[in-house]
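# Results of the structural survey
Below, each chain spelled out in residue letters.
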Amino acid sequence: MKVTIIDYGVGNLRSLQRGLERAGATVTVSDDPEELAAADALVLPGVGAFEECIRNSEPFHDVLIDAAEDTPILGICVGLQLLFTESTEGAPEGETIEGLDLISGRVERLPNDEVKVPHMGWNELTIESDHQLAEGIDDDDYAYFVHSFGSPRADHTIASCDYGFDFAAMAVNEAGNVMGTQFHPEKSDETGLRVLENFVRYAKAYNAPQATN
């Protein structure tokens, strides 16, 4: 299975590439819109602030929006947040910054009056709905988080995590092919490897030729 990581100048792409290769994928890292548009599956990484990431990834927004029609997409950490409708991070009070709107939802700041922000370290997952991305992952399995913002648990949530409020640790669009993790699977040991393996299997099945009678 060929998976292409979008390179827009953020994140440690090498560790993510190694994780996907361990999961059985052939991995390409690219900043070429034409190559990304032809990919079998896309991974959108992200670290840092929403505003910076949405701005830096702008050359690939049309590619991602078009790919969401017929290509598996996996967002990781801020990469997942970019897939949501909007975020309050970096916006004036009472306003938001637009995301890609590939998953309906808002990204909000974790309540730093209740918990230490950023949320950094291992925390437990709670499975909320069936999706292949969470296959083989159980309630109370741990994943590794580094973030200050998250999208509150809603219909899009595959798995949640409780830190100040229940946020989407794993989320998916209505069609099922655009998904992501708020945690870093490449840093989450067996849980993270299982997530990456699940995405690779999903992408392989999604791209398989349909049998005809």
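Description of the structure in this document. (Residues numbered from 1 in each chain as written. Predicted model: local features only at pLDDT ≥ 70, side-chain atom pairs only at ≥ 80, totals over all residues. Heavy atoms only, no water.)

## Topic: the pairing of strand β13 (residues 165–172)
The following threshold applies: For every residue, the accessible area (1.4 Å probe, protein chains only) is compared with the maximum for its type, and the residue is labelled buried under 20%, exposed over 50%, or partly exposed between those bounds. Helix numbers and strand numbers start at the N terminus; a helix is a DSSP run of H or I with at least 4 residues, a strand a run of E with at least 2. Pairing between strands requires that DSSP locate at least two bridges from one strand to the other.
Burial of β13 is extensive: seven of the eight residues sit out of reach of the surface. The pairing of strand β12 (residues 157–163) with β13 spans six bridges and is classified as antiparallel. Among the inter-strand pairings, T157 is bridged to a residue of β13, identified as A171. The turn joining β12 and β13, which pair antiparallel and follow one another in sequence, is formed by one residue; a positive phi near 85 degrees is taken by G164.

## Details of the nonpolar core
Heads up, the condition is: What makes a nonpolar core is a set of buried Ala, Val, Leu, Ile, Met, Phe, Trp, Tyr and Cys residues whose side-chain atoms join them at distances within 4.5 Å. Residue contacts follow a heavy-atom distance rule, with two residues in contact if any of their heavy atoms lie within 4.5 Å.
The biggest cluster of nonpolar side chains holds 71 residues, and the ones touching the most others in it are L20 and V43. If sequence neighbours within four positions are ignored, L20 has contacts with V3, I5, A25, V27, V43, L196 and V200.

## A few points about unusual backbone geometry
Here the bond from V117 into P118 is cis, since omega is 10 degrees, no more than 30 degrees from zero. Looking at the secondary structure, you find P118 in the loop between β7 (103–109) and β8 (119–124). You will see that D101, though not glycine, has its phi angle at about 60 degrees, which is positive. Within the secondary structure, D101 sits in the loop between β6 (97–98) and β7.

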